[in-house]
Amino acid sequence: MRDIDVVERLTLDQYKVSVKASNVFLTLDAYRLLSQQIDNPLHLGVTEAGVYRTGTVKSAIALGGLLLDGIGDTMRISLASPPEEEIKIGFDILKSLNIRANGINFIACPSCSRQEFDVIKVMNELEVRLEDVRVPMDVSVIGCKVNGPGEAKEADIGVVGASPNSLVYKNGDKSHLIDTTTLVDSIETMVRERVANEQARRDKEIVRVDGTALV
Ligand code: SF4
């Protein structure tokens, strides 16, 4: 609070306040307390959170808790990992909380003996291949027909694992069958088609705002 007083006395008004700590509980307590006392924008972070896996978990717990409380204006994920991973984790936290829609929200099962294809392998490949997609969409990829339809009906694109063919849902409705041995290629194609359609729709909207192409 003393530092804020100093900044205020200098009549600076373009600043944010950060009280990062490396401990999850201290981070939560500090920001919650501060948010009750000041109205300034708060920059969130678990500083020096650690290596990729544990640092991600710490950051998700602390920042997720604060964001759910409505606390926080900007944030930084601090991992002992390449900086681009920090950005991805940050977006994933925002995406999980429905704060920022950005790219694909995958719904996938953990896999078990009932799975009709190698769910983990397919998901790992899809995540890498579709990393560039920024259009928000829910894609459900489930290993069996027991739980697949329920998730598929809620997704923009849903795949219910079966052999030799898996069933695709689009916008909640049954669409068509795809060869289960080429799931990754087929799902990528469907996602990119959806991206192209969304882009075309947005382009049309832009033209409409300009009024130039309304004939
Ligand atoms: S959804 Fe089906 S395949 Fe996936 S973990 Fe559950 S039971 Fe197993």
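Residues numbered from 1 in each chain as written. Predicted model: local features only at pLDDT ≥ 70, side-chain atom pairs only at ≥ 80, totals over all residues. Heavy atoms only, no water.

## Re the nonpolar core
Generally speaking, nonpolar side chains in soluble globular proteins are found buried as a group.
Then step 1. Counting 22 residues, the largest nonpolar core has V17, L42 and L44 as the members making the most contacts within it.
Then step 2. Those elements that provide at least two residues to this core are α2 (24-37), α3 (52-68) and α4 (83-96).
Then step 3. Ignoring anything within four residues of it in the chain, the contact list for L44 reads K20, Y31, L63, L66, L67, I71, G72, T74, M75 and R76.
Then step 4. Core analysis: the next-biggest nonpolar cluster, separate from the first, contains 21 residues, I104, M137, V184 and V191 among them. (Core = buried A, V, L, I, M, F, W, Y, C linked by side-chain atoms within 4.5 Å. Buried < 20%, exposed > 50% of the residue type's maximum accessible area, 1.4 Å probe, protein only. Helix = DSSP H or I, 4+ residues; strand = E, 2+ residues; numbered from the N terminus. Contact = heavy atoms within 4.5 Å.)

## Some details on a negative patch on the surface
Then step 1. Taken together, D3, D5, E8 and D13 make up a surface patch of like negative charges.
Then step 2. Along the chain, the position of D3 falls in helix α1 (residues 2-9).
Then step 3. Taking relative accessible area as the criterion, D3 reaches 62% and is therefore assigned exposed. (Patch = residues over 30% accessible without salt bridge, like charges linked within 9 Å, V, L, I, M, F, W, Y side chains within 5 Å. Areas by Shrake-Rupley, 256 points an atom, 1.4 Å probe, with all protein chains shown as cover. Salt bridge = Lys/Arg side-chain N within 4 Å of Asp/Glu carboxyl O. Lys, Arg positive; Asp, Glu negative; His and termini not counted. Charge placed at Lys NZ, Arg CZ, Asp CG, Glu CD.)

## Structural notes on the sheet that holds strand β6 (residues 165-170)
Then step 1. Read across the sheet, 5 strands follow the order β3-β4-β5-β6-β7 without closing on themselves; strand pairing throughout is mixed. Sheet topology places β3 (104-108) and β7 (173-179) at the edges, where each strand pairs with a single neighbour. Strand-to-strand, the axes of this sheet are offset by a mean angle of 20°, without reference to chain direction. (Pairing = 2+ DSSP bridges. Axes fitted to C-alpha atoms, helices over the stretch in contact; angles between N-to-C directions.)

## What about the domain arrangement of the protein?
Then step 1. The domains assigned to the protein are domain 1 (2-96) and domain 2 (104-210).
Then step 2. A straight line from the C-alpha centre of domain 1 to that of domain 2 covers 33 Å. (Domains from an automatic or database assignment.)

## Describing the layout of surface pockets
Then step 1. Volume-wise, the largest pocket comes out at about 870 Å³.
Then step 2. Contributing to the lining of the largest pocket are 27 residues, with K88, D92, K95, I104 and E127 lying nearest its centre.
Then step 3. Elements that contribute at least two residues to the lining of the largest pocket include exactly α3, α4, β3 and α5 (119-129).
Then step 4. A per-element tally of the lining of the largest pocket places α4 first, with 10 residues.
Then step 5. Taken together, the residues that form the lining of the largest pocket break down as 13 nonpolar, 6 polar and 8 charged.
Then step 6. Residue contributions to the lining of the largest pocket reach at least three from each of two domains, namely domain 1 (2-96) and domain 2 (104-210).
Then step 7. By volume, the second largest pocket is sized at about 260 Å³.
Then step 8. Lining the second largest pocket we find 14 residues, and of these T74, M75, R76, G90 and L94 sit closest to its centre.
Then step 9. For the lining of the second largest pocket, the elements supplying multiple residues, two or more each, are β2 (74-75) and α4. (1 Å grid on protein atoms, 1.4 Å probe; cavity = no way out; pocket = protein on both sides within 12 Å on 5 of 7 lines; lining within 4 Å. Points joined across faces, edges and corners; volume = space filled by probe spheres on them. Nonpolar A, V, L, I, M, F, W, Y, C, P; charged D, E, K, R; others polar.)

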